[in-house]
Protein chains: 4
Amino acid sequence: MSEGKEESAPAPSPGGRGSGDKRERILRGAIRVFARNGFYKTRVSEIAEAAGVADGTIYLYFKNKDDVLISIFEDRLDALIRVLKREIAKCQTVEEKVEKIIHLQLDLLETERDLAEVITVNLRQSSRLLKEYAAPKFEAYLQVIAHVISEGQTSGVFRNDVHPVGAARALWGSLDGTLMTWALGDAKPSTLRKASTNIASIFLRGLAAEGG
Amino acid sequence: MSEGKEESAPAPSPGGRGSGDKRERILRGAIRVFARNGFYKTRVSEIAEAAGVADGTIYLYFKNKDDVLISIFEDRLDALIRVLKREIAKCQTVEEKVEKIIHLQLDLLETERDLAEVITVNLRQSSRLLKEYAAPKFEAYLQVIAHVISEGQTSGVFRNDVHPVGAARALWGSLDGTLMTWALGDAKPSTLRKASTNIASIFLRGLAAEGG
Amino acid sequence: MSEGKEESAPAPSPGGRGSGDKRERILRGAIRVFARNGFYKTRVSEIAEAAGVADGTIYLYFKNKDDVLISIFEDRLDALIRVLKREIAKCQTVEEKVEKIIHLQLDLLETERDLAEVITVNLRQSSRLLKEYAAPKFEAYLQVIAHVISEGQTSGVFRNDVHPVGAARALWGSLDGTLMTWALGDAKPSTLRKASTNIASIFLRGLAAEGG
Amino acid sequence: MSEGKEESAPAPSPGGRGSGDKRERILRGAIRVFARNGFYKTRVSEIAEAAGVADGTIYLYFKNKDDVLISIFEDRLDALIRVLKREIAKCQTVEEKVEKIIHLQLDLLETERDLAEVITVNLRQSSRLLKEYAAPKFEAYLQVIAHVISEGQTSGVFRNDVHPVGAARALWGSLDGTLMTWALGDAKPSTLRKASTNIASIFLRGLAAEGG
DNA sequence: AATGAATGAGAATTCATTCAT
DNA sequence: GATGAATGAATTCTCATTCAT
């Protein structure tokens, strides 16, 4: 209560052992139901049911329904950025890095189809809301890609006549658009793998320096 | 509800001339307010106000709120596809056609920022709803792009090792992603024009046949 | 929408004839149910039922449940003050005026027992809320009484050693307390009439100037 | 609920000494928060916080939230009645007794402003609830006052033409109304003291027998 | 055709109370 | 006895849709 007027999410974090996973269970449940029905069509009681908790428990861990969606982005995008950075660091060439970015992301989401749908579809659900919350996190994500392209330009592997952030947006857009049509369609993993190879190849050649 | 499979819009506007513009006014108003607040946050009364008609009048021209959104896609995507096809037909080479697709779309939406936001943001608002209604129309749109790529492959200008529809999705994704970040950001026309040139250049080179 | 950000109550005030009494019907229904169950124990749906309108209709005429209570005070106290002033003006002596105040108020409320209970009991229900809204109106009411006492002091009929507003408060308190115990008890009109005579007599003699 | 007519409070506090002050701490905390926000706007968790105990602990000492309010009346009114009776007994004349009643009560509440607000404001919060529980205790309190008046009538000091209980109600009402306006206003002790003198003087003269 | 007051189903959120620790 | 996380019933308010005018 000494911090009573804070704005973010509460956090019971109980006795000490065990049930600290309740927040995580709610996030997982929410991802599942948001993916199926979209943010607005999902009732809080459905999130609760999917998480196996009571309706009121949601409000012990999140300020409101919006906060649940925001928290998904914050948690999951953070994790994605972390993995991305770690894996990129292992690559030798920038080409490999670009390929890694593409494969990693499509692969990751292939294994977490619900999260894919939530991030691609729901990211745009509450414009005003997420413009404020998700935008910064999203910017950080784009920076990781832009940085790789910029690196390639410096080392002479990539052409200098494209704006790194612009290219990053285009690349992200390709991945996102592909994911969306894949996730909304009937989503065969093989399709995604082929798409991923195609995108890598188009972008790598499209970005290559003249003499490359 | 008892007659579920009705034609979507009642469509008064008898003879052909005259008050038929009320439907159009409603669509325009809806585009404006959907762009500002998103589909779910927009109240039917707000659409009515933006269109300068009474709440009840909406239901004379549209089955319900969903139908207004669906109609925007149907009308506007149709128009976009028509323009796209007509302009493409005027181009000599496939490269020109690809460039035309890109510039046309970004230019068009630059002049109709609201429609851009509705199409990129709201397309994803009601998964289930639009999956059924917008998907087919959207597929037709992708086919136009895929057809140009396919044409380039046949004539030996584009590489054969990419799937035309996959490439079309990637290209659409690039445009859409660029538009979204542009529309949600502070949206300077010049940015969009530069982005458009970059995307064209990346894709054209990325799609070019070896010896091209 | 040009006046969109106003703070008070909306006001449909329909076509022109007739149903303008809906607001009044809601107020009357609310008085009835607030009297029976108190403000907090009364559900909005009960107000609606008592008024014979749909739940949502309440919100066409009032901002929220609080606003209904506030409006009762504003409307009814205003009416009471108006009657009070008019009747007082008809009296010859200040003694008559004081008697009029007492009888008028107890009589009035005798015929509107529900209103009596709402004003005496519910006035104090939402401290903070009514402190802001009802207090000013209430002050105006006390002023009417204080003014009569002050008048009596000037003309030498009443003693000068009491503060007019303080005496007004005491007189109001007597009436209010009597009303409360009467309204909460089994409320026989005769009891109230006797009480009213007693109070008048105590206060008149209590306020009289020495030589009176 | 199945055992409706239970004794009100569970009352742990075994032997007699020791932790029995927890009940008192809760009552004190409740008086504080009820005074600030009213009964209905006060959450049980706020009472707990004000008392420095856990939410659940409240239920070890009180059956429920209602019971806390009821207990405040029972405890505090009892104490007030005891003090009243004791002090009255010390007075020589009935006039002194009436003055004692007035000063005692206003003085007492001046030093316990929160309790004043709880008793005057909250007494009326839950009609049905308190009608049953507080009414009898309140009746006992009125009887003390009525008895003094009755005594004065018998001894010829007070006029016989007023009903003792009616006069007691009027006197109580004056005190209560004065307290309310004082407690809800900016509550300067001096105001209250002056008011108290005024009330005493009005009532004593108002109740005096003709030849007094 | 057009209107907009009225409707009432639906959903988010709160909070008194319980009970495992 | 004490705790406070969890519960879920209860309630306000919103807003798509209808329909009398």
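Remember, predicted model here, so these are calculated numbers, not experimental data.

Colleague: Explain the packing of aromatic side chains to me, please; I cannot follow it from the model alone.
Modeller: Each pair of aromatic rings is reported with the distance of its centres and the angle of its planes. By the definition in use, this model includes 20 aromatic pairs over all chains. Both rings, one in D:Phe34 and one in D:Phe39, keep their centres 5.3 Å apart while their planes meet at 65°; by these two values the pair is edge-to-face. Taken individually, D:Phe34 and D:Phe39 each receive the classification buried, so the pair is uniform in this respect. Summarising the aromatic geometry, the rings of D:Phe138 and D:Trp172 are spaced 4.7 Å apart at their centres and angled 70° between planes, so their arrangement reads as edge-to-face. Separated by 34 residues along the polypeptide, D:Phe138 in helix α7 (residues 127–154) and D:Trp172 in helix α8 (residues 164–184) bring together distant segments of the chain. On the basis of relative accessible area, D:Trp172 is assigned to the buried category, the value being 4%. Pairwise contacts between aromatic rings join A:Phe34, A:Phe39, A:Tyr40, B:Phe34, B:Phe39 and B:Tyr40 into one cluster. In this structure, A:Lys65 is placed above the aromatic ring of A:Phe39, and the distance from its NZ or CZ to the ring centre is 4.6 Å.

Colleague: What am I meant to see in the domain arrangement of chain A here?
Modeller: Reports of interface size often rely on the accessible area that becomes lost once the parts have come together. Residues and elements named next belong to chain A. Domain annotation of chain A identifies domain 1 (19–63) and domain 2 (66–207). A straight line from the C-alpha centre of domain 1 to that of domain 2 covers 26 Å. Contact residues are listed per partner, giving 16 residues for domain 1 and 15 residues for domain 2. Buried area between domain 1 and domain 2, both sides added, is near 1,500 Å², and the carbon and sulfur share of it is 62%. Here domain 1 is connected to domain 2 by three salt bridges. Asp114 is the partner of Arg36 in a salt bridge, and the nearest nitrogen-oxygen pair spans 2.9 Å. Inspection of the domain 1/domain 2 interface yields four residue pairs in polar contact (both at pLDDT 80 or more). Partitioned by chemical class, the residues of the side of domain 1 that touches domain 2 number nine nonpolar, one polar and six charged.

What counts and what doesn't
Residues numbered from 1 in each chain as written. Chains lettered and ligands numbered in written order. Predicted model: local features only at pLDDT ≥ 70, side-chain atom pairs only at ≥ 80, totals over all residues. Heavy atoms only, no water. Phe/Tyr/Trp six-rings, centres within 6.5 Å; stacked < 30°, edge-to-face > 60°. Buried < 20%, exposed > 50% of the residue type's maximum accessible area, 1.4 Å probe, protein only. Helix = DSSP H or I, 4+ residues; strand = E, 2+ residues; numbered from the N terminus. Lys NZ or Arg CZ within 6 Å of the ring centre and 35° of its normal. Domains from an automatic or database assignment. Contact = heavy atoms within 4.5 Å. Buried area = accessible area lost by both parts, 1.4 Å probe. Salt bridge = Lys/Arg side-chain N within 4 Å of Asp/Glu carboxyl O. Polar contact = N/O pair within 3.5 Å; in protein donor to acceptor, adjacent residues only side chain to side chain. Nonpolar A, V, L, I, M, F, W, Y, C, P; charged D, E, K, R; others polar.

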